[in-house]
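Understanding the architecture of this molecule
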Amino acid sequence: MAAKKADQDRKARIAQMQREAKAAERRRTLLIVGVAVVAVVAIAAAVTFSIIADDSRVPGGELKSLGVAASAASCDPITNDPTTGSGTHVGPGTDKPDVTSVKYSTVPPTSGEHFVTPEYPNRQFYTADDRPRMETLVHNLEHGYSILWYDDTASTSQISDLKAITREANKQADAQDKFIVSAWDTAYGAFPSGKHFAISHWSADQQDTTKQTGHRELCGNVSGEVVAKFIDAHPRTEAPEPNAQ
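Nothing here was measured: the structure is a model prediction, and the numbers come from that model.

**Looking at the overall build of the protein**
Each helix and strand in the protein was counted, giving four helices and five strands. Going through the 245 residues of the protein one by one, you find that 40% of them count as buried. Carbon and sulfur atoms form 55% of the exposed surface of the protein, whose accessible area is close to 13,300 Å².

Dropping the structure here:
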C-alpha cells in the first residue's frame, strides 16, 4: 500500500514538474516574441526618423519643379485678411507678462500679438518636436518671413519635398533667408478638411506701413510651384518691419 502511494506521489511530482516546465517554456516564447516585436517597431521608427533627418534623401531641382504641380495641389485662393497686433508684444519682458498664448483670428495666423523676440538665428525646417512657439513665429511674419506649415499627415516623401522647397525658396530674392517650414500646432486650431499645408505672410505697403494685409494659401498637397507664386506675390520686402532679422 505504501509503495503504491509513493509511486502515485512520484508521478504527481513528475506531472507537476512537466506542467511547470511547459509554463516556463511558454513564458520564454512570449518573451522572445515580445522582444522581437519591440525590435521591429524600433527599427521601423529608426528608419522613418533617418528618412526625415537624412538630407541626402531631399530631392534636388528648382523650386517650381518640387512636389506636385500647382494644378494638382488642391489649393484655395490666397486670402486677404485684416491684420492686428503690429508692434504689440506680449509675454515675458512686456507690460503683458502673463499673456503666454495668443488666440489668433485665422488658421494659420497672418498677424497678431507676438513675443518680443522672433526666431533668429532660425533654421529652415522645424518638426513638431523642435518648432518655435507660434507667438515667436508670428513675430517672424512681421519681419517679412513667409512660413509654410504642415500637419501631422505629411508623409516622408512630402517631408523631403518640404525640405527641398525651403532650401530653394531661401535662395530666391523674394524670400531670401526669410522662408521657414514648420510643423503646425493644432492647439491654435485645425486646418480645414482636406487641407494639410498652408503658407502665410504679413504684408504692408512700403509707402505706408500702416496699410497691412495678411495672406494665407491652404493646400491639400506640397507644391514648389505654389510656393514660388506665393513669394513672388508677397515678397519679404513687403512687411511691417522688412529690415529686421
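**Remarks on the sheet that holds strand E4 (residues 197-205)**
Sheet architecture is open: five strands sit in the order E1-E3-E2-E4-E5, paired in mixed fashion. With one partner strand each, in any of the chains shown, strand E1 (125-126) and strand E5 (208-219) form the two edges of the open sheet. Docked against the sheet, helix H3 (residues 156-169) engages E1, strand E2 (146-150), strand E3 (179-183) and E4, running at close to 160 degrees with respect to E3.

**A word on the state of the cysteines**
Summed over all chains, the structure comprises one disulfide. Linked covalently through their sulfurs, Cys-75 and Cys-219 form a disulfide whose S-S length is 2.0 Å. Every disulfide takes its handedness from the sign of the S-S torsion; for Cys-75 and Cys-219 that torsion is 105 degrees, giving right-handed. Note that Cys-75 is positioned in the loop between helix H1 (2-53) and E1 and Cys-219 in strand E5, a separation of 144 residues in sequence.

**Section: helix H4 (residues 224-233)**
By the burial criterion, the buried members of H4 are Gly-224, Val-226, Val-227, Ala-228, Phe-230 and Ile-231. Turning to H4, the residues buried within the fold contact E2, H3, E3, E4 and E5. With a side-chain oxygen lying 3.3 Å from the backbone nitrogen of Glu-225, the N-terminal cap of H4 falls on Ser-223.

**Considering unusual backbone geometry**
Of note, the bond from Val-107 into Pro-108 is cis; its omega dihedral lies within 30 degrees of zero at -10 degrees. Here Pro-108 is to be found in the loop between H1 and E1. Note the cis peptide between Tyr-120 and Pro-121, where omega equals -5 degrees. Mapped onto the secondary structure, Pro-121 falls in the loop between H1 and E1.

**What to know about the environment of Val-227**
The topology assignment puts Val-227 in helix H4. Of the residues examined, Val-227 reaches a relative accessible area of 1% and is grouped as buried. Considered as a pair, Val-227 and Leu-63 are 164 residues apart in the sequence and their alpha carbons are 8.0 Å apart. Sequence-distant contacts of Val-227, defined by excluding residues within four places in its chain, comprise Leu-63, Leu-148, Ile-165, Ala-169, Phe-179 and Ile-199.

**Points about the nonpolar core**
With 26 residues, the main nonpolar core has Leu-148, Tyr-150, Leu-162, Ile-165, Phe-179, Val-227 and Ile-231 as its most contacted residues. For this core, the secondary-structure elements that each account for two or more residues are E2, H3, E3, E4 and H4. For Phe-179, the contacting residues outside a window of four places in its chain are Gln-124, Tyr-145, Ser-146, Leu-148, Ile-165, Thr-166, Ala-169, Asn-170, Val-227 and Ile-231. Ranked by size, the runner-up nonpolar core spans 20 residues in total, among them Val-90, Met-134, Phe-191 and Leu-218.

**Structural notes on the confidence of the model for the protein**
A low pLDDT score tells you not to read the predicted coordinates there in detail. In the predicted model, the protein carries a mean pLDDT of 88, and the fraction of residues at 70 or more is 80%. For residues 39-52, every residue scores under 50 in pLDDT, and the model assigns this stretch eight contacts once sequence neighbours within four places are set aside.

**So, the pattern of salt bridges**
Note that side chains of opposite charge can pair when their charged atoms are close. Under the definition given, this model contains nine salt bridges. With a closest N to O distance of 3.1 Å, Lys-171 and Glu-168 form a salt bridge. Using a relative accessible area of 54% as the deciding quantity, one classes Lys-171 as exposed. Classification of Glu-168 as buried rests on a relative accessible area of 10%. A salt bridge links Lys-229 to Glu-225, with the nearest nitrogen and oxygen atoms 3.5 Å apart. A residue pair is termed a helical-turn pair when its members lie 3 or 4 positions apart in one helix, as Lys-229 and Glu-225 do in helix H4 at four residues.

The rules behind the values
Residues numbered from 1 in each chain as written. Predicted model: local features only at pLDDT ≥ 70, side-chain atom pairs only at ≥ 80, totals over all residues. Heavy atoms only, no water. Helix = DSSP H or I, 4+ residues; strand = E, 2+ residues; numbered from the N terminus. Buried < 20%, exposed > 50% of the residue type's maximum accessible area, 1.4 Å probe, protein only. Areas by Shrake-Rupley, 256 points an atom, 1.4 Å probe, with all protein chains shown as cover. Pairing = 2+ DSSP bridges. Contact = heavy atoms within 4.5 Å. Axes fitted to C-alpha atoms, helices over the stretch in contact; angles between N-to-C directions. Disulfide = S-S within 2.5 Å. Polar contact = N/O pair within 3.5 Å; in protein donor to acceptor, adjacent residues only side chain to side chain. Core = buried A, V, L, I, M, F, W, Y, C linked by side-chain atoms within 4.5 Å. pLDDT = per-residue confidence, 0-100. Salt bridge = Lys/Arg side-chain N within 4 Å of Asp/Glu carboxyl O.

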